[in-house]
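Coordinate inspection notes
Residue-level listing of the chains:
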Amino acid sequence: MALYWCTECIPLAVTALLPVILFPMMGVMESNEVCIQYLKDSNMLFIGGLLVAIAVERWNLHRRIALQVLLIVGVKPSLLMIGFMGTTAFLSMWISNTASTAMMLPIANAVLQQLCDTEANAEEREFNMAAANNGLDNQAFEMGDAKMSKELQSKENTINLDADKDGIISSLEAQQRRLKTEQKYTKLTKGMSLSVCYAASIGGTATLTGTTPNVIMKGQIDELFPDNGGVINFASWFGFSFPNMVLMLALSWLWLQFMFLGFNLKSTFGCGTKKEGDREAFQVIKDEYKKLGRMNFAEGCVLTIFTLLVVLWFTREPGFIPGWATVLFNKDKTYVTDGTVAILMSALFFCIPSKLPRCCGRSEDGASSEAPGALLNWDIVHEKMPWNILLLLGGGFALAHGSEKSGLSLWLGESLLPLQSIPPFAISILLCLLVAMFTECSSNTATTTLFLPILASMATAIKIHPLYVMFPCTISASLAFMLPVATPPNAIAFSYGNLKVLDMAKAGFILNILGVITINIAINTWGVAMFNLNEFPSWANVTKTP
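Attention in this report is confined to the structure presented alongside it. The shown structure was predicted, so the numbers you read here are calculated from the model rather than taken from an experiment. (Residues numbered from 1 in each chain as written. Predicted model: local features only at pLDDT ≥ 70, side-chain atom pairs only at ≥ 80, totals over all residues. Heavy atoms only, no water.)

A few points about the overall build of the protein chain
Within the protein chain one finds 25 helices and 0 strands. Residue burial in the protein chain is summarised as follows: out of 546 residues, 48% are buried. Excluding contacts between residues fewer than 6 apart, the proportion of contacts in the protein chain whose partners are at least 24 apart in sequence is 80%. Roughly 26,400 Å² of accessible area belongs to the protein chain as shown, and the carbon and sulfur atoms make up 62% of that amount. (Helix = DSSP H or I, 4+ residues; strand = E, 2+ residues; numbered from the N terminus. Buried < 20%, exposed > 50% of the residue type's maximum accessible area, 1.4 Å probe, protein only. Contact = heavy atoms within 4.5 Å. Areas by Shrake-Rupley, 256 points an atom, 1.4 Å probe, with all protein chains shown as cover.)

The following block contains the structure:
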């Protein structure tokens, strides 16, 4: 399965179904036991999160949020890059990385094109005015006099030749200036395209439902260590990953700023200057926002449900105080999970109408008007839902369960015992680098599914906290920055930004290193405090024999 996932010789989802065939035939597990792995609580959490994302996209709420942020930050190059990166990262926390990238890149290109055209035209006008003031357009050279002496005629011819020569030189200078401006904005477009796709990948790491590897890790932890007491939930994931995401985003911005803009504060931040080009580019964003009109009933409902969902996730089991689920439902067992909340709130999209219903409403011809449709219908969900990912999640859970039942996990753990002599922080860094390299040529979903059961076996064998290696490696699986084929956001940026593979590889290599460093700083500082990573937990002490 690992080989098939890496080479994609058959679709990933079909590979994920192999345990259904092979485990029963090889006597590893009964068919009923295998099939039940394909729709667990983590899958329900994933479905609920995706339904919310589909509703947000359906009613263009993500576009309204993005344009509003850009109107606040302005259009100075550095501030614009911060604005685009921050907005894309925020959207990627809740909707798919691909959707947020596909939405933000056309806006970025339109703004930069407007800035480029306006600056080039302004420079051309300034140059023409300067040329006129210097007398290059002197009409006296065209005046003729029949009585003019030969000496004066000769001088005029010389002056005319000089004027023509100056005109040609000035025309060439104007062309060179325009070319220089266009080259500057071509480079800026490359940087902006990369900043958007990288921010999408980084932003997805901040929430439990932000990207598929996060959900896979929660599922694997619950599958391999069933007595973990819900150590990974929405609130605990956000508490660890959000500060790490902000740190990674800031370092990424600094690197891309250095690589594509330099550190000239006057030109990149503006320092109080206000050009005509800035006003016109700002107007482009303003016009796009005006096209959306006022927020309608449907958008307001989606925003309300989305906000309620996030609040319920955070307060279900915050950790420092008993959550609402603990008080009302989970007194002796974990009955209500994040998946329960996700399905509850996303089900409301199919119940609430998209327009405010009117009592005894009538159409123009006097007939009874039809009831408005719901916020979501199943046709839209069927079209937008990535069903293959659900099978891929299930295949990973089935593989992990099979490894445990067959004794493979135990054997792997014993084989990795020599790693006890290596300090835990060094193990974490090496594994993060390995996963970050592996995910460049394989999907992050397949990479996480493949590595996490092995990492769990290794952690239990050498008696280190499983989260100490599983958490950093899960986030490292999203550090696919170097190749256009590594992740869909990279491919979209590659098609938009006049990028070469070398541009992406140079920018992405440093970001991969920075990402691994920040993740390991996080896990060794606030990660240790949050999850008590210095001690081997009792729930991880699984010593089952096959």
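Let's talk about the side chain of Thr-447
Structurally, the position occupied by Thr-447 is in helix 21 (residues 444-462). Judged by its relative accessible area of 0%, Thr-447 is buried. Beyond its immediate sequence surroundings of up to four residues, Thr-447 is in contact with Val-435, Phe-438, Thr-439 and Ser-442.

Comments concerning the layout of surface pockets
The calculated volume of the largest pocket comes to roughly 950 Å³. Taken together, 45 residues line the largest pocket, and the ones lying closest to its centre are Ser-96, Asn-97, Thr-98, Thr-212 and Ile-389. At the level of secondary structure, the elements contributing two or more residues to the lining of the largest pocket comprise helix 2 (12-16), helix 5 (41-58), helix 8 (97-133), helix 14 (297-316), helix 18 (387-406), helix 21 and helix 23 (488-496). Ranked by the residues each element gives to the lining of the largest pocket, the list is headed by helix 5, at 8 residues. The residue makeup of the lining of the largest pocket, split by class, is 25 nonpolar, 16 polar and 4 charged. (1 Å grid on protein atoms, 1.4 Å probe; cavity = no way out; pocket = protein on both sides within 12 Å on 5 of 7 lines; lining within 4 Å. Points joined across faces, edges and corners; volume = space filled by probe spheres on them. Nonpolar A, V, L, I, M, F, W, Y, C, P; charged D, E, K, R; others polar.)

Side note on empty space enclosed by the protein
Following the criterion strictly, the structure yields 2 cavities of 30 Å³ or more and no others. Reported here for the largest cavity is a volume of approximately 70 Å³. As for the largest cavity, its lining consists of Val-56, Leu-61, His-62, Ile-65, Phe-90, Leu-91, Trp-94, Ile-95 and Phe-306. Of all the secondary structure elements, the ones that give two or more residues to the lining of the largest cavity are helix 6 (61-73) and helix 7 (77-92). For the lining of the largest cavity, the element with the highest residue contribution is helix 6, accounting for 3 residues. Across the lining of the largest cavity, the residue classes break down as 8 nonpolar, 1 polar and no charged. Taken together, Ile-202, Met-248, Leu-251, Ser-252, Phe-481, Leu-511, Leu-514 and Gly-515 make up the lining of the second largest cavity. Counting residues per element, the ones that place at least two in the lining of the second largest cavity are helix 11 (234-261) and helix 24 (501-524). Broken down by class, the residue content of the lining of the second largest cavity amounts to 6 nonpolar, 2 polar and no charged.

Comments concerning helix 21
Count 3.6 residues to each turn of an α-helix, and residues three or four apart come out pointing the same way. Counted at 1.5 Å a residue, the expected span for helix 21 with its 19 residues is 27 Å, and the 26 Å between its end C-alpha atoms agrees. The largest bend along helix 21 measures about 25° and falls at Phe-451, with the proline Pro-453 one to four residues further on. Most of helix 21 sits inside the fold, with 17 of its 19 residues counted as buried. Looking one or two residues beyond helix 21, the residue adopting positive phi is Lys-463, at roughly 60°. (Expected span 1.5 Å × (residues − 1). Bend = angle between axes of the 7 residues up to and from the residue.)

Things to note about helix 6
For helix 6, built from 13 residues, the straight-helix expectation of 18 Å at 1.5 Å per residue is met to within 8% by its first-to-last C-alpha distance of 19 Å. Among all positions in helix 6, only Leu-61, His-62, Arg-64, Ala-66, Leu-67, Leu-70 and Leu-71 are buried. Gly-74 occupies a position one or two residues after helix 6 and carries a positive phi of about 85°.

Remarks on unusual backbone geometry
Backbone geometry places Lys-463, a non-glycine residue, at a positive phi of 60°. Positive phi outside glycine occurs at Asn-532, with the angle close to 55°. Tracing the chain through its elements places Asn-532 in the segment after helix 25 (526-531). Classification of Asn-532 as partly exposed rests on a relative accessible area of 42%.

Re the pattern of salt bridges
Within the structure shown, the criterion is met by 8 salt bridges. Among the salt bridges present, the one from Arg-316 reaches Asp-338, with a minimum N-O distance of 2.7 Å. Placement of Arg-316 in helix 14 and of Asp-338 in helix 16 (residues 338-347) is noted, with a sequence separation of 22 residues between them. In this pair, the class of Arg-316 matches that of Asp-338, namely buried. Ionic contacts of the salt-bridge type, sharing partners, join the residues Arg-63, Glu-288 and Lys-291 into one network. (Salt bridge = Lys/Arg side-chain N within 4 Å of Asp/Glu carboxyl O.)

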